[in-house]
Amino acid sequence: MDKHIHVVSTFTLVFIFLLSHTTTLVSAVEDPWTGLPVPPELSFELRKHLQACGKVLTKKCGIEVYNSVLGSAKIDHYCCKKLIQMGEVCNDELSTALGLFDKYKHAKLLIKVKSLRKFNQCKGQ
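About the criteria used
Residues numbered from 1 in each chain as written. Predicted model: local features only at pLDDT ≥ 70, side-chain atom pairs only at ≥ 80, totals over all residues. Heavy atoms only, no water. Core = buried A, V, L, I, M, F, W, Y, C linked by side-chain atoms within 4.5 Å. Buried < 20%, exposed > 50% of the residue type's maximum accessible area, 1.4 Å probe, protein only. Helix = DSSP H or I, 4+ residues; strand = E, 2+ residues; numbered from the N terminus. Salt bridge = Lys/Arg side-chain N within 4 Å of Asp/Glu carboxyl O. Axes fitted to C-alpha atoms, helices over the stretch in contact; angles between N-to-C directions. Parallel < 35°, antiparallel > 145°, perpendicular 65-115°, else oblique. Left-handed = near helix turned anticlockwise from the far one by under 90°. Contact = heavy atoms within 4.5 Å. Disulfide = S-S within 2.5 Å.

Draft legend 1. View of the nonpolar core. Core analysis: the biggest nonpolar cluster contains 24 residues, and Leu70, Ile75, Leu83, Met86, Leu98, Tyr104 and Ile111 have the highest contact counts within it. Broken down by secondary-structure element, the contributors of at least two residues to this core are helix H2 (44-57), helix H3 (59-70), helix H4 (77-86), helix H5 (88-98) and helix H6 (108-123). Top element by residues in this core is H3. It accounts for 5 residues.

Draft legend 2. Quick look at the pattern of salt bridges. Using the criterion set out here, one finds 4 salt bridges in the structure. Of the charged contacts in the structure, one is a salt bridge between lysine 112 and aspartate 92, with a shortest N-O distance of 2.3 Å. Residue lysine 112 is located in helix H6, and its partner aspartate 92 is located in helix H5; the two are separated by 20 residues in the primary sequence. The partner of lysine 105 in a salt bridge is aspartate 102, and the shortest N-O contact between them spans 3.4 Å.

Draft legend 3. Expanded view of the packing of H2 against H5. The interhelical angle for the contact between H2 and H5, taken along N-to-C directions, is 120°, at an axis separation of 10 Å. Taken together, H2 and H5 sit at an angle that is classed as oblique. When the axes of H2 and H5 are compared, the crossing they make is left-handed. Side by side, H2 and H5 meet where His49, Leu50 and Cys53 of the first sit next to Cys90, Glu93, Leu94 and Ala97 of the second.

Draft legend 4. Summary view of the packing of H3 against H4. At a closest axis distance of 10 Å, the pairing of H3 and H4 adopts a crossing angle of 100°. Viewed along their axes, H3 and H4 adopt a mutual orientation that is roughly perpendicular. Facing H3, whose interface residues are Lys60, Cys61, Glu64 and Val65, H4 presents Tyr78, Cys79, Lys82 and Leu83.

Draft legend 5. Looking closely at the state of the cysteines. Under the counting rule described, the total for this entry stands at 3 disulfides. Put simply, cysteine 53 and cysteine 90 are joined by a disulfide, and their sulfur atoms are 2.0 Å apart. Between cysteine 53 and cysteine 90 the sulfur-sulfur dihedral comes to about -65°; the bridge is accordingly left-handed. One end of the pair, cysteine 53, is in helix H2; the other, cysteine 90, is in helix H5, with 37 residues separating them in the sequence. On the basis of relative accessible area, cysteine 90 is assigned to the buried category, the value being 10%. In this model cysteine 61 forms its disulfide with cysteine 79; the gap between the sulfur atoms is 2.2 Å. An S-S torsion of about -75° defines the bridge between cysteine 61 and cysteine 79 as left-handed. Of this pair, cysteine 61 sits in helix H3 while cysteine 79 is found in helix H4, placing the two residues 18 residues apart along the sequence. Judged by relative accessible area, which is 0%, cysteine 79 ranks as buried. By sequence-ordered numbering of the bonded cysteines, the chain has its disulfides arranged as 1-5, 2-3, 4-6.

Take a look at the structure:
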């Protein structure tokens, strides 16, 4: 498996952010991390930690959260439960990591805000 694809798959979860009432940043996607070069700021240890966060969230829910944060999709009840189970710290770290990718640097603040808002909305369910 290509190193970049494997590492970026880790960020399935990185795409755990956001709010449904804000500007759509990207269209809905199936594999948002495929082909993105890994930012040098993400140390090996941090990537491993984010992978562990992502395993809790699951790939399906990571994509759903990503599409919700960067688009206008909703997070279903099951994925909200997985997001809460993953925890606020992982959610924050994943949203920060997502903002390090060149593709998303322009929206890193919005990603952080939407990610926290989505997390809190799920927590309130």
